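Residue-level structural notes
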Amino acid sequence: METVAGAVTHDPPPAAGGRQGGPLIVTEDSELLDDLLRLCAAAGATPEVHHGVPERRGNWEAAPLVLVGDDAARRVRGAERRRGVVLVCRDQDDSGVWRRAVEIGAEHVLMLPDGEQWLVDRIADVAEGVGRPALTVGVIGGRGGAGASTLACALAVTSAREGLRTLLVDADPLGGGLDVLLGGETAEGLRWPAFASSRGRVGGGALEESLPELHSLRVLSWDRGDRIAVPPQAVRAVLAAARRRGGTVVVDLPRRIDDGVAEVLGQLDLGLVVVPAELRAVAAAGRVASAVGMVLRDLRVAVRGPYPPGLDDREVARLLGLPLAGEVPVEPGLLRPDEGTAPPGAGRGPLARFCKEFWERALVEVGTA
């Protein structure tokens, strides 16, 4: 697949409500049309079909994606130049296809059947109204019992309270379950084992709707069964789907790095290592940071007191050689979350303020504000 340069003078406008319509198909080739309709169905999109440039004003300009059959290239040559035009053909040996692509301002030339998966993904993107990906943050404990899971929950709860679409992902199958921490272990919805056979692309909207909703956010956690891992390709597909929905994704990470966790690390925007202010904890966190830092470039330290003499948050960050994200306030809910109480970060205490300030900074730094 190659990108074709062409003059572009028009961008399709976004659809109201965040969800866009299906693509516009322009072709008279019945066999090609059957293939394109099949691929649209696989992507969950309903296309509009024309033999040439639509007569109704605005249909050409407003479509989120235009699929032009090679047979119709001449008929759309005079249409207004815009982004999102794909010239679709089958003849691998036809050198004239590149000239026709330039003439209609196509961004891509797609050869079938080789490019089918790419096209399904592209159609699904426009059908879902994909925009800026979610700001994705991973939280990991520098040592056992550091409070990483509770901080991850607090960050997610705070994000949801700020009105952002939020997904909390439990990547630690041995951690006891974030749904339990949020008081929703009996909530209806799918858990990780249900996605173990996922391959390729997972629909972002379908994923979100299938998960338990707790405290205005969606939670992907583990069930109480025996499965303690899902294949790395399933982890990749599920997290990619979550990120396409926008907003924020918070991932509670285990302290061991396996293939599945490596897939998560590869999709994080930044990571937080939660470190109690103890010399042994700092030493343990150094090993964790070294392993995580091999995959994740933006790794920061969040320090939890109380502090012994001669050690504070800045010194911990210096010893680890990591940027300081801040001091995580000590609250009873951070150390010993109790069932039946409000979730971490739900109140107006110092932990909630820490999380709110974190998101304010991170959204600006990563450029999603």
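First, a word on scope: everything that follows refers to the structure included in this document. Since the model is a prediction, treat every value here as computed from it, not as a measurement.

We now examine the overall build of the protein. For the protein, the helix and strand inventory stands at 13 helices and 14 strands. Counting only residues that meet the buried cut, the protein has 50% of its 369 residues in that class. Pairs at least 24 residues apart make up 72% of the contacts formed inside the protein by residues separated by at least 6 positions.

The description of an aromatic ring pair uses the distance of the two centres, along with the angle that the planes make with each other. Within the structure shown, the criterion is met by 2 aromatic pairs. Relative to Trp222, the ring of Trp192 has its centre 6.0 Å away and its plane inclined at 35°; by these criteria the two rings are tilted. Taken together, the residues span a long stretch of sequence, with Trp192 in the loop between α6 (178–181) and α7 (204–210) and Trp222 in the loop between β10 (217–220) and α8 (232–244) at a distance of 30 residues. Overall, the relative accessible area of 4% leaves Trp192 in the buried class.

Once that is clear, we can look at unusual backbone geometry. In the segment running from Leu112 into Pro113, the intervening peptide bond is cis, with an omega of 10°. Following Gly305, the chain continues to Pro306 via a peptide bond in cis, the omega torsion being 5°. Tracing the backbone through its elements, the reader meets Pro306 in the loop between β13 (299–304) and α11 (313–320). Positive phi values are uncommon outside glycine, yet His215 reaches one of about 55°. Summarising the element assignment, His215 is placed in the loop between β9 (213–214) and β10. Although it is not a glycine, Ser216 adopts a positive phi angle of roughly 70°.

What follows concerns the pattern of salt bridges. Applying the stated criterion across every chain, the model contains 24 salt bridges. Residues Arg77 and Glu103 are paired through a salt bridge, measuring 3.5 Å at the closest nitrogen-oxygen approach. With a gap of 26 residues between them, Arg77 in the loop between β4 (66–69) and β5 (85–89) and Glu103 in helix α3 (residues 96–104) connect regions that are remote in the sequence. The residue Glu103 makes a salt bridge to Arg99 at a minimum N-O spacing of 3.1 Å. Residue Glu103 and its partner Arg99 are both found in helix α3; the two are separated by 4 residues, about one turn of the helix. Under the relative-accessibility criterion, Glu103 is labelled partly exposed at 24%.

Once that is clear, we can look at the environment of Gly271. Its location among the elements puts Gly271 in strand β12 (residues 270–276). Residue Gly271 is classed as buried on the basis of its relative accessible area of 2%. As a C-alpha pair, Gly271 and Asp298 span 27 residues in sequence and 6.3 Å in three-dimensional space. Leaving out residues up to four positions away in the same chain, Gly271 has contacts with Gly138, Leu296, Asp298, Leu299 and Arg300.

So, on to the environment of Gln117. Structurally, Gln117 is set in helix α4 (residues 116–128). For the pair formed by Gln117 and Ala42, sequence separation is 75 residues and the distance between their alpha carbons is 9.8 Å. In this structure the side chain of Gln117 is engaged in a polar contact, spanning 3.0 Å, whose partner is the side chain of Asp121.

Counting residues in each nonpolar core, the largest one holds 45 residues, and the members touching the most others are Val251, Leu253 and Val275. Put simply, the parts of the chain that give this core at least two residues each are β8 (166–170), α8, β11 (248–253), α9 (259–265), β12, α10 (279–292), β13 and α11. Excluding anything up to four places from it in sequence, Val275 contacts Gly142, Ala281, Val282, Ala285, Val301, Ala302, Val303, Arg304, Val316 and Leu320. Val157, Ala160, Leu214 and Leu351 belong to the second-largest nonpolar core, a separate cluster that totals 33 residues.

The α-helix advances 3.6 residues per turn, and as a result positions three or four apart in sequence lie on the same side. Helix length check: α8 (13 residues) gives 18 Å between terminal C-alpha atoms against 18 Å at 1.5 Å per residue, within 8%. Buried residues of α8: Ala234, Val235, Ala237, Val238, Leu239, Ala241, Ala242, Arg243 and Arg244, and no others.

Definitions and limits used
Residues numbered from 1 in each chain as written. Predicted model: local features only at pLDDT ≥ 70, side-chain atom pairs only at ≥ 80, totals over all residues. Heavy atoms only, no water. Helix = DSSP H or I, 4+ residues; strand = E, 2+ residues; numbered from the N terminus. Buried < 20%, exposed > 50% of the residue type's maximum accessible area, 1.4 Å probe, protein only. Contact = heavy atoms within 4.5 Å. Phe/Tyr/Trp six-rings, centres within 6.5 Å; stacked < 30°, edge-to-face > 60°. Salt bridge = Lys/Arg side-chain N within 4 Å of Asp/Glu carboxyl O. Polar contact = N/O pair within 3.5 Å; in protein donor to acceptor, adjacent residues only side chain to side chain. Core = buried A, V, L, I, M, F, W, Y, C linked by side-chain atoms within 4.5 Å. Expected span 1.5 Å × (residues − 1).

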